[in-house]
Amino acid sequence: MSITNKLSTVVREQLPEFIRADYDTFVAFVEAYYEYLEQTNKATDFGRNLLNYFDVDDTLTDFEEYFRRKFLQSIPAETLANKAFLVKHIKDFWRAKGTEKAYRFLFRALYGEEIEIFYPKDNILRLSAGKWVERQSIRFLPDFYHLATGNGTTKVFRLFEVASPSNLEVYVNNVLQTSNCTTANGYTISPNDPIVTFNTAPANNSIIKLNYTASNIIEDISRTDGTQVVLSFTGETSGATAISENAEEIIVGLLNVNEIFISNISKEVSFIQGENVTGKYFYEGTNYLTLYFKSLSVLKEINIVSGGAGFKSGGDVVITTTPNTGLTMAIGTVNSTGSIHPNTINVNSDIISLYEGKTISISDYGFPATVIPTGENSATRIVDALSYASVTGLGPISNVVILSSTFEFSSLPTLNAVGPTVAFSSSNTGGGSATGNTSIVTLGILGKINVANGGSNYTVGDELNFQTPSGGSGWGAYARVSGLHSSNNGIKTIQFAPSRLLGRANVTASGVTIVGTGTSFDTELRIGDKIEISNQTRFINAISSATSANVNVQWTATTSNASIGIYDRTYIGGELYAQHLLPTITVTSATGNNSILISEAIYGDGESLLADAEFDPGQIRSILLTNPGSQYETIPTINLTGLGNGLANAVATLLSSQFTYEGKFITTDGLLSSDRRIQDRDYYQNYSYVIQSQTDFNKYSQVLKDLIHPSGTRMFAEYMIQKTVTPQRATSAKTGQVSRETTLTGTVNVANASIVVTGTGTLFNVANTNGTITIGCSVLVNNEIRTVNNIISNTSLTVTSPFTYTSNGNTIVTIVTVVEAIQTENLEYLQTENEETLLFN
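Residues numbered from 1 in each chain as written. Predicted model: local features only at pLDDT ≥ 70, side-chain atom pairs only at ≥ 80, totals over all residues. Heavy atoms only, no water.

K.L.:
Quick one: what's the story with the overall build of the protein, residue by residue and with numbers?
P.N.:
The helix and strand inventory of the protein stands at 12 helices and 55 strands. Within the span of the protein, comprising 841 residues, buried residues form 39% of the whole. For the protein, the share of sequence-separated contacts (at least 6 apart) that also reach a separation of at least 24 residues comes to 69%. Accessible surface, the protein as shown: approximately 45,400 Å² in total, 50% of it carbon and sulfur. (Helix = DSSP H or I, 4+ residues; strand = E, 2+ residues; numbered from the N terminus. Buried < 20%, exposed > 50% of the residue type's maximum accessible area, 1.4 Å probe, protein only. Contact = heavy atoms within 4.5 Å. Areas by Shrake-Rupley, 256 points an atom, 1.4 Å probe, with all protein chains shown as cover.)

K.L.:
Lay out the pairing of strand E9 (residues 195–198) in plain terms, naming residues and giving numbers.
P.N.:
Every second residue of E9 is oriented toward a common face, the buried set being Val196 and Phe198 and the non-buried set Ile195 and Thr197. As paired strands, strand E4 (residues 156–158) and E9 are joined by three bridges and run antiparallel to one another. By the bridge assignment, Arg158 is partnered in E9 with Ile195. Here strand E8 (residues 186–189) runs beside E9; their pairing, made up of three bridges, is antiparallel. Note that in E9 the partner of Thr188 across the bridge is Thr197. Counted along the chain from E8 to the antiparallel partner E9, the turn is five residues long. (Pairing = 2+ DSSP bridges.)

K.L.:
Which residues make up helix H7 (residues 100–111), and what are the values?
P.N.:
Between its first and last C-alpha, H7 extends 16 Å over 12 residues, near the 16 Å set by a 1.5 Å rise per residue. Listed in full, the buried residues belonging to H7 are Ala102, Tyr103, Arg104, Leu106, Phe107, Ala109, Leu110 and Tyr111. At the exit of H7 stands Gly112, carrying a positive phi of roughly 60°. (Expected span 1.5 Å × (residues − 1).)

K.L.:
I'd love a proper account of the packing of aromatic side chains, names of residues and values included.
P.N.:
Scanning the model with the defined rule gives 20 aromatic pairs in all. Relative to Tyr212, the ring of Phe160 lies with its centre 6.2 Å away and its plane at 85°, an arrangement referred to as edge-to-face. With Phe160 in the loop between E4 and strand E5 (168–172) and Tyr212 in strand E10 (residues 207–212), the pair connects residues that are 52 residues apart, well separated along the chain. Residue classification places Phe160 among the buried residues on the basis of a relative accessible area of 3%. Pairwise contacts between aromatic rings join Phe140, Phe144, Phe160, Tyr212, Phe233, Tyr281, Tyr283 and Phe293 into one cluster. (Phe/Tyr/Trp six-rings, centres within 6.5 Å; stacked < 30°, edge-to-face > 60°.)

K.L.:
Can you tell me about the sheet that holds strand E32 (residues 513–517), naming the residues and giving the values?
P.N.:
Across the sheet, which stays open at both edges, the seven strands sit in the order E36-E31-E32-E35-E34-E33-E37 with antiparallel pairing between neighbours. The open sheet has two free edges, formed respectively by strand E36 (559–562) and strand E37 (565–566), since each of these has just one partner strand. In the sheet, E32 pairs with strand E35 (residues 548–551) via three bridges, with the strands oriented antiparallel. When the sheet's bridge partners are listed, Val515 is paired in E35 with Ser548.

K.L.:
Can you lay out the pairing of strand E11 (residues 231–235) for me, pointing to particular residues and giving the numbers?
P.N.:
Residues Leu231, Phe233 and Gly235 line the buried face of E11, whereas the alternating positions Ser232 and Thr234 sit on a face that is not buried. Sheet topology note: the E11/strand E14 (residues 276–283) ladder contains five bridges and is antiparallel. In the strand pairing of E14, Phe233 is matched with Gly279. Looking at chain direction, E11 and strand E12 (residues 241–252) are connected through three bridges and run antiparallel. Its bridge partner lying in E12, Ser232 is registered against Ile243. Hairpin geometry of E11 and E12 is characterised by an intervening segment of five residues between the two adjacent antiparallel strands and by a positive phi of about 80° at Gly239.

Structure follows, in structure tokens:
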């Protein structure tokens, strides 16, 4: 560092005159000596600049080592980075210790290299971890508007988007204004900015309505460059809420409709068909416009409703009032989801003829050995010895199909759907066998309950009481309240459950004991029985007394005074009920009141079918909607009284404004046979990470462990090896185009309508450096070929046109078309370099 005000320049004046006059050589020597001391790194320089050398930017080279020892301890001395820069920013480095930023900084400083860090936990297969989505949308008419209030001064008002007189109507106090820049009540729409300017400011408190008859809202919401418009929707009637995601224009009937896909949807309520919906659009910080939309309300179909309970698809439908000549019908489909009643029952399959003639006193009656291997006799309970066959796919009738019809009926026939008949075979230990069948109707299982009035103030779990009328023999039905209306806790849904044992039960979370009150466990239960308490299903392991028993698995919740369900003692829904003697129902509840529940059907009965055959020429079979219309506020009445004999009757239903599409997985986190791996002890676990680098692992492993490696984690390294390829000389005289395909490292995800390719374990930058992938080359992802537009990082790039499908965990392949030499002595070409990895720990 240079010294100002040097002593060497004033030495001559400080010496006596006689010395300056007679001893010029001495004077020159003294001046030279002081000049020497004032040189950099000499005594005077040290003394006068000592404070300055505390600044790492101005210090001497000899002092740099002291700065390194004090502030850069453990960082190798051969770092490529500017050491002064490192000293000044080392505090930030230590604060970021253990983060990806610290690793990237260290590799840049030490080796001048950009690295990628990969976490094996991102590729672990996790049960039920796949992200499942169901796309939901709201359908709107294209027109929408927003409002403003005049103040007598303001002339300029904000618009939703840049508009024109051809797609924007302007009203003031419901009077349509004129797009004219000269008249007093005219206005001008800016061609470049989202504003409208009135020639005269609208009066104070006047209502300005800006109505868009056509708009770019579909494009505004669907942009993928990060500038898309986001609207927060609220249903004015339902109170439902949602956020816009993307949008598209569709055609419903004869209408062009805007379908906006939504997320963050309110769980308790849904949008109602035809309701007004508002959407907040924020601009310039906290400013926003409230947009008013009209949701779609169109006629969906005209149908006739029927039902019943406990039917199977394919069952017969017969005529009961007239000869069944030339007409064959069958049950088309049933609602077998189990939402109305259980869709599966277990029917006893033993045949009594196999055991006739057995002496009561013998030691083994010969029931199938799979039930009681040791044999059964007079000491065995009948319920313990029985075998069962499952009947599945049961439910209320959804539709009936006509298989053939060759007969004209003179009057409307009455139809009856035949309940399922269960066929089975049975055998005994003596080698005997027999077959048999039974109609499900004869079992008398209660299958359908109508909530005519949900009442109020009920609790999920409140129990239903069934009272069989005089002359009936039904018993064993049990059901409870399973769903409530959010507005008043009225009963919404009912769930059938197994029949109940005597008494009540108390269980404790994490325990296995049942403590009974008024129970008879010692006579009503046996080891292995399947029971149910408050929706928790267990098996009996031990019976201590009439009031104490143990189960096989700990209880997950504490329950007091609960009823006890028992499987396979009778059917879920009871038995021996009759369609003409259905039970009355009451609900036991501490707070609920005023509900009305009605038994409607037993399994295999209770249906009401209207014949849909051409029994009378000219009778209506179906009605075709040629134009569904729109904006119905109530369900329209279908008037057919002036047609035919005037007796036709039909009912209309409306299409909902909120639609739910079929769900799908959008990640492979929990999918078998995907790119995921089962967790192991070392690599595929939550606390491991991988450094992807072209630097030798032995060079930096100890440095990382000393400086930034987080305790409790495990480090791996992928050493990237590049092959060197020698130019090859061609040997023939022709050239031709050859497409070369190279599969890149890692996997990628792409989304519908997006131009972004997101990688996992990919090395796009590295591949770009060695020429494997370049801007302008083609890539293949999920059978879609796109052109690379920009390489952002090792794990991200963009293409020139969006993908049309969402797909995850794909390989990415580069396709390069080159002119390759064939048969020429003077042409050379290079083979594309390949990349390999070695894994170190």
